[in-house]
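Topology and contacts: notes
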Amino acid sequence: MARPINKAVFPVAGLGTRFLPATKAMPKEMLPVVDKPLIQYAVEEARDAGIEQIIFVTGRGKAVLLDHFDHSFELESVLGKRGKNDDLTEMRQLMSRPGQISSTRQQQPLGLGHAVWCARHFVAGEAFAVLLADDLIMGEPGCLKQMMDVYQETGGNIVASEEVPMEHTNRYGILDVVEDDGRLARAKGLVEKPDPSEAPSNLCIIGRYILQPEVFDYLGRQGEGAGGEIQLTDALAKTIDDIPFHGLRFDGTRFDCGSKLGFLEANIAFAIERDDLGERVSEMLKKYV
């Protein structure tokens, strides 16, 4: 029987250097897609999947992330006095019950695996999810909810996956696939950022994970991997003989908001889907395309 999952880890300690100077004093996770920051999309996706405990792994200058999900009494008072009840309701929906949001520091930029390891005491031996806000996914139901549904059948470790051009395998963790029905692939191994000539497939891992707590046994003692960082993929590869590992081709569209082009595309795509903006945005784009 699959272990229940109530906790999600959000690694948000990165410096966001690809978006300088915008991220000089603002976390990249607070960059807005239309009118909602990236981190809010990710947290809402987690909540829609049944997650109750949010764990942020932060760094210096990231306090605004926690503030975003807390009360802003002055703002709420002003909205109430001005009769902006819809805005007030939306602000209050950001709130969690006391104790549902926690944070810990990743004091050195040692990679995704290290960031997840920093949350080990909050996870406390339970199965958990990991969401990377840079990977914004448009889909219904949300990507993590789709993964949760599969997890009830398979248990083990599950990642969101998609196929990438073979020449791009050196940008991702890649699955060594042993079984594949076109939607769900079972892996016998994982390789972090392999050269295209050595990649076992072109099925990559993107920023959604459902993980068993045994991964911490390996994260805590492994050395540097690709890029001189502690890689989550390397630790997962060491569990694969004992814990089933699957990659799910989710239904939806993923936007790489860690890149400028992907971020711009996400803004356009999400704006076009909006009833209040879609038609006007489509007309506006005709002026430039």
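Please refer to the structure higher up on the page.
Residues numbered from 1 in each chain as written. Predicted model: local features only at pLDDT ≥ 70, side-chain atom pairs only at ≥ 80, totals over all residues. Heavy atoms only, no water.

**A closer look at the state of the cysteines**
A covalent bond bridging the sulfur atoms of two cysteines is what the word disulfide describes. Counted according to the given criterion, the structure contains 0 disulfides. A disulfide-free cysteine, Cys143 has its sulfur positioned 12 Å from the sulfur of Cys204, the nearest such atom. Here Cys257 is not cross-linked by a disulfide; its sulfur's nearest cysteine counterpart is in Cys143, at 14 Å. (Disulfide = S-S within 2.5 Å.)

**Section: the pairing of strand S1 (residues 7-11)**
In terms of burial, S1 is a largely internal element, 5 of the 5 residues being buried. Neither face of S1 is exposed, since Lys7, Val9 and Pro11 on one face and Ala8 and Phe10 on the opposite face are all buried. Looking at chain direction, S1 and strand S4 (residues 53-58) are connected through 5 bridges and run parallel. Residue pairing for S4: Val9 is matched across the bridge by Ile55. Where S1 lies against strand S6 (residues 128-131), 2 bridges are found, and the strand directions are parallel. Looking across to S6, one finds that Val9 is bridged to Val130. (Buried < 20%, exposed > 50% of the residue type's maximum accessible area, 1.4 Å probe, protein only. Helix = DSSP H or I, 4+ residues; strand = E, 2+ residues; numbered from the N terminus. Pairing = 2+ DSSP bridges.)

**Some thoughts on the packing of aromatic side chains**
Enumeration according to the criterion identifies 6 aromatic pairs in this entry. Taking 5.2 Å as the distance between ring centres and 15 degrees as the angle between the ring planes, the aromatic pair formed by Phe128 and Phe216 counts as stacked. Here Phe128, found in strand S6, pairs with Phe216, found in helix H8 (residues 215-219); they are 88 residues apart in sequence, far enough to count as distant. Residue Phe128 shares its accessibility class with Phe216, and that shared class is buried. Taken together through their ring pairs, the aromatic side chains of Phe10, Phe56 and Phe69 make up a single cluster. Above the face of the Tyr41 ring, Lys36 is positioned so that its terminal group lies 4.8 Å from the ring centre. The residue whose ring lies beneath Arg120 is Trp117, and the NZ or CZ to ring-centre distance is 3.6 Å. (Phe/Tyr/Trp six-rings, centres within 6.5 Å; stacked < 30°, edge-to-face > 60°. Lys NZ or Arg CZ within 6 Å of the ring centre and 35° of its normal.)

**Topic: the packing of helix H10 (residues 260-272) against helix H11 (residues 278-286)**
Relative to each other, H10 and H11 sit at 130 degrees, their axes nearing to 7 Å. As judged from the angle between their axes, H10 and H11 are oblique. Contacts between H10 and H11 involve Ile268, Ala271 and Ile272 from the first element and Gly278, Val281, Ser282 and Leu285 from the second. Among the residues making up the contact of H10 with H11, the classes are represented as 5 nonpolar, 2 polar and no charged. (Axes fitted to C-alpha atoms, helices over the stretch in contact; angles between N-to-C directions. Parallel < 35°, antiparallel > 145°, perpendicular 65-115°, else oblique. Contact = heavy atoms within 4.5 Å. Nonpolar A, V, L, I, M, F, W, Y, C, P; charged D, E, K, R; others polar.)

**Here's the deal with the nonpolar core**
The biggest cluster of nonpolar side chains holds 52 residues, and the ones touching the most others in it are Phe10, Ile39, Ile51 and Leu144. Beyond its immediate stretch of four places on either side in the chain, Leu144 contacts Glu45, Ala46, Ala49, Ile51, Ala129, Leu131 and Ile210. Ala119, Leu175, Leu203 and Tyr209 belong to the second largest nonpolar core, which has 30 residues in total. (Core = buried A, V, L, I, M, F, W, Y, C linked by side-chain atoms within 4.5 Å.)

**Here's the deal with the packing of helix H3 (residues 73-81) against helix H4 (residues 85-93)**
At a minimum axis distance of 8 Å, the contact between H3 and H4 shows a crossing angle of 155 degrees. Judged by the angle between their axes, H3 and H4 are roughly antiparallel. In terms of crossing hand, the pair formed by H3 and H4 is left-handed. On the side of H3, the interface is formed by Leu75, Glu76, Leu79 and Gly80, while H4 contributes Asp87, Leu88, Met91 and Arg92. (Left-handed = near helix turned anticlockwise from the far one by under 90°.)

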